[in-house]
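# Results of the structural survey
So you can see what is in the structure, the chains are spelled out below.
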Amino acid sequence: MRVSTSGMFDSGTTAILQQQEALVKTQQQLSTGRRILTPSDDPIAAAKAINLSQAASINTQYSVNRDHAVASLGLIETTLENTTSILQDIRQVVVQAGNASTLTDADRRILATELRSRFDALVGQANNTDGAGNYLFSGFQAKTPPFSRSSLDVQYNGDQGQRLNQVGAARQIAVSYSGTEIFERIKNGNGIFTTAANSTNTGGGIITAGSVTNPSSLTGQNYEITFSAGAGGLTYDVVNTSTGTTLSSGNTFVENDIIEFDGLQFSISGTPVAGDSFTVLPSTNQSIFKTVGDLITALETSAGQQGSGNARLLNNLNSALQDLDNGLEQILKARATVGSNLQEIEALNNQGSDLDIQYQKRISELRDVDFAQAI
């Protein structure tokens, strides 16, 4: 076979151009650090790299979401911490007000004025916002102030929802809470039942919060203890006012003796008089604002209206202390939930960082050039 001179020249030129093209591509690989410059260089590796890049981008977005969640939860935790401090200050005032024998009406009004200031601060904390102007405790109603007030009456305007942030492939975390859940759904009394003195009592009887002795015997019904003057002294009747049934009658009253029935017990100290009565009712939800508002009203009431020996005031203060403690427990539970979420986000951040390293390593193996080989 004969090869012409022009054929040899064409073959040589083609070989040179191919070498130049390979050189240019290698130079591009060295300058960009990429082995795959176009998908046609390695279609399978290019497809895998795209999928991994998308997964890495989603992982990065989860990281951004977690940062936003940490910021919001940090504000919620700070708000709940401030709320705890306010409630503890209010509790100290209640304890101080309990020294009824040495306080005058003017002293009580001063304490009530101090509590009004704490009340304003409490409502202010409940209406806190995040950095973007979204209310922390209004549920889904981010732009609606959760609580509005008229004097000591506070109303909730939000809903029961929670705004969620997607912080992981299979995890969402709440970055807002319902104000009802935190500030309003608080059981009064001991959480099972609540005791109270009748507002018309004139004696000096003071009732305790009581406790449960046998949960299986609880009825969840209403009771009343009514005092009468008997032949041998003061007696009392125990009546189930839900059914109209008298459980016991003519019981001799002994100060601080345990009164027990239907799985619950309590005692009454001081000196009740004939006609006085006390109620035992199932616990209901009571907002922390009502607890503080009732406390302010009790302190602003003059001593002459408080009953013998300020018994009515002391009964109100005892109830307020119990309800404040319940409110503090509710806030502490919410803080524990927030703290747990923050810890979980920290763990997810660590996992996300490790995952990002793995993604980048695998993408580099698929897409990046081997500099020693290329040179």
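In the block above lies the structure referred to throughout.
Residues numbered from 1 in each chain as written. Predicted model: local features only at pLDDT ≥ 70, side-chain atom pairs only at ≥ 80, totals over all residues. Heavy atoms only, no water.

So, about the overall build of the protein. Of regular secondary structure, the protein possesses seven helices and 13 strands. Relative to its full complement of 375 residues, the protein shows a buried share of 38%. Contacts spanning at least 24 positions in sequence make up 65% of the contacts within the protein whose residues lie at least 6 apart. (Helix = DSSP H or I, 4+ residues; strand = E, 2+ residues; numbered from the N terminus. Buried < 20%, exposed > 50% of the residue type's maximum accessible area, 1.4 Å probe, protein only. Contact = heavy atoms within 4.5 Å.)

This paragraph deals with the packing of aromatic side chains. Under the counting rule described, the total for this entry stands at eleven aromatic pairs. For the ring pair Phe147 and Phe183, a centre distance of 5.7 Å and an interplane angle of 85° mean the geometry is edge-to-face. In this pair, Phe147 is assigned in strand β1 (residues 147–150) and Phe183 in helix α4 (residues 179–184), connecting sequence segments 36 residues apart. Overall, Phe147 belongs to the buried group, its relative accessible area being 4%. A relative accessible area of 0% means that Phe183 is categorised as buried. Taken together, a centroid distance of 5.8 Å and an interplanar angle of 80° make the contact between Phe227 and Phe278 edge-to-face. With a gap of 51 residues between them, Phe227 in strand β8 (residues 223–230) and Phe278 in strand β13 (residues 277–282) connect regions that are remote in the sequence. There is no split in this pair, since Phe227 and Phe278 are both buried. Here a set of aromatic residues connected by ring pairs shows up, and it is made of Phe119, Phe137, Phe147, Tyr156, Phe183 and Phe289. (Phe/Tyr/Trp six-rings, centres within 6.5 Å; stacked < 30°, edge-to-face > 60°.)

Here we come to the pattern of salt bridges. For the structure shown, the criterion picks out eleven salt bridges. Salt-bridge contacts for Glu114 lead to Arg118; the nearest nitrogen and oxygen are separated by 3.5 Å. Of this pair, Glu114 and Arg118 both sit in helix α3 (residues 105–126), four residues apart, which is roughly one turn of the helix. The class of Glu114 is partly exposed, set by a relative accessible area of 30%. Across the pair Glu344 and Arg171 runs a salt bridge, and its minimum N-O distance is 2.5 Å. In this pair, Glu344 sits in helix α6 (residues 311–367) while Arg171 sits in strand β4 (residues 171–174), placing the two residues 173 residues apart along the sequence. Given a relative accessible area of 29%, Arg171 falls into the partly exposed group. (Salt bridge = Lys/Arg side-chain N within 4 Å of Asp/Glu carboxyl O.)

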